[in-house]
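Below are the chains, spelled out letter by letter.
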Amino acid sequence: MKAMILAAGRGERMRPLTDHLPKPLLPVGGKPLIQHHIEKLCAVGITELVINHAWLGHKLVDYLGSGAEFGVTISWSAEGDSGLETAGGIRQALSLLGDEPFLVVNGDIWLDTDYRQFSSFRLAAPDHAHVWLVDNPPQHPHGDFSLSGDRVEDRPGLTFSGVGIYRPQSFLSLQPGVHKLAPLLRQWMTEQRVAGSHLKADWRDIGTPQRLHELDQELQRG
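Residues numbered from 1 in each chain as written. Predicted model: local features only at pLDDT ≥ 70, side-chain atom pairs only at ≥ 80, totals over all residues. Heavy atoms only, no water.

Account for the overall build of the chain, with residues named and values stated.
Looking only at helices and strands, one finds six helices and 12 strands in the chain. In terms of overall size, the chain behaves like a compact globule, its C-alpha atoms giving a radius of gyration of 16 Å where 222 residues would be expected to give roughly 17 Å. Expressed along its principal axes, the backbone C-alpha trace of the chain runs to roughly 40 × 35 × 30 Å. Of the roughly 10,100 Å² that the chain leaves accessible, carbon and sulfur atoms contribute 50%. (Helix = DSSP H or I, 4+ residues; strand = E, 2+ residues; numbered from the N terminus. Rg over C-alpha atoms; globule rule 2.2 N^0.38 Å. Areas by Shrake-Rupley, 256 points an atom, 1.4 Å probe, with all protein chains shown as cover.)

Shown next, in the form of structure tokens:
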């Protein structure tokens, strides 16, 4: 399985930290957020990665390069300074992702869990996607979607983790350009073609400097 790490966000809420550094390169526990994901993916055998970038993307490329230093192979998908949003970024990167279902991970989240549950997962034939939902964090108390059995429904309940497995052919209907993921997921939900799981793990949306600082302090303490 290939994986795409989303790293093209501007990180407005993280300013001024992101004025000179792309959000996934912000350090926690002595290394950038995105490096934690790369090491965890590599540890479970996912070594072919695609990473998109926009704002200050050259700094990501400079730091990670080909990925060889981290035991992986990185293909880069450049989106210019403004980015293409999540679905648009995936659409642009399809030629790098191949024909089989692939894993997508937001590069600016913290996730402490066994990544083997992602690497070993197989997307069911009728489904466009399988997404992992987490308990609602304090800053997002109502959540995004709900689970009914293994079907994801468009009503609040749990929070989308930013981790999912997608079928590449499902994005071909999009014209190249800027597209958000949530409307596409909702469209697929009406077709009953989005599956999901409740992920019980230490998951954090590193959306503010304060949350970044709190996580860094916890990791430094071990």
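Can you tell me about the side chain of H36, naming the residues and giving the values?
For H36, the location among the structural elements is in helix α1 (residues 33–43). For H36, a relative accessible area of 11% gives the class buried. (Buried < 20%, exposed > 50% of the residue type's maximum accessible area, 1.4 Å probe, protein only.)

Report on the packing of aromatic side chains, specifying residues and quantitative values.
Counted by the stated rule, this structure contains eight aromatic pairs. Ring centres of F102 and F171 lie 6.4 Å apart, and the angle between their planes is 35°; on these two criteria the pair is classed as tilted. Of the two residues, F102 sits in strand β6 (residues 102–106) while F171 sits in the loop between β10 (151–166) and α5 (181–190), which places them 69 residues apart along the sequence. Each of the two residues, F102 as well as F171, counts as buried. For the cation-ring pair, K40 lies above W110, with the distance from its terminal atom to the ring centre recorded as 4.1 Å. (Phe/Tyr/Trp six-rings, centres within 6.5 Å; stacked < 30°, edge-to-face > 60°. Lys NZ or Arg CZ within 6 Å of the ring centre and 35° of its normal.)

Help me get a handle on the environment of L199, residues and values and all.
As for its position among the elements, L199 is in the loop between β11 (194–198) and β12 (202–205). Judged by its relative accessible area of 4%, L199 is buried. Between the alpha carbons of L199 and D135 there is a distance of 7.9 Å; along the sequence they are 64 residues apart. For L199, the contacting residues outside a window of four places in its chain are L111, T113, Q117, F118, W132, L133 and V134. (Contact = heavy atoms within 4.5 Å.)

Please provide a residue-by-residue account of the nonpolar core, values included.
With 29 residues, the main nonpolar core has I34, I38, L49 and L103 as its most contacted residues. Among the elements that make up this core, the one with the highest residue count is α1 (three residues). With sequence-adjacent residues up to four places away left out, I34 is seen in contact with I5, A7, P24, L25, I51, L60, L64 and G107. Of all hydrophobic cores here, the second largest spans 26 residues; its members include L158, Y166, F171 and L185. (Core = buried A, V, L, I, M, F, W, Y, C linked by side-chain atoms within 4.5 Å.)

How would you summarise α1 if you had to cite specific residues and measurements?
Along α1, eight of the 11 residues are buried, which leaves the element largely enclosed by surrounding structure. Residues of α1 that are buried include every one of L33, I34, Q35, H36, H37, I38, K40 and L41, and no others. Just past α1, the residue G45 takes up positive phi, approximately 90°.

So what about the environment of K31? Which residues, and what values?
Mapped onto the elements of the fold, K31 is located in strand β3 (residues 31–32). Once the C-alpha coordinates of K31 and P126 are considered, the two residues, 95 residues apart in sequence, prove to be 39 Å apart. Other than its neighbours up to four places away in sequence, K31 contacts L26, H36 and E39. A distance of 2.8 Å separates a polar atom in the side chain of K31 from a polar atom in the side chain of E39. (Polar contact = N/O pair within 3.5 Å; in protein donor to acceptor, adjacent residues only side chain to side chain.)

I'd love a proper account of the side chain of K23, names of residues and values included.
Among the structural elements, K23 can be located in the loop between β1 (3–6) and β2 (27–28). At 3.1 Å, the side chain of K23 forms a polar contact with the backbone oxygen of I206.

Could you give me a rundown of unusual backbone geometry, with the residues and numbers involved?
Put simply, R15 and P16 share a cis peptide bond, and its omega is 10°. Tracing the backbone shows P16 in the loop between β1 and β2. Phi angles above zero are rare outside glycine, and L56 is one such case at about 55°. Considering the arrangement of structural elements, one finds L56 in the loop between β4 (48–53) and α2 (57–64). If you check the backbone angles, Q192 has positive phi at about 60° while not being a glycine. In this fold, Q192 is placed in the loop between α5 and β11. By relative accessible area, which is 46% here, Q192 ends up partly exposed.

Shape is all these values report; function is a separate question.
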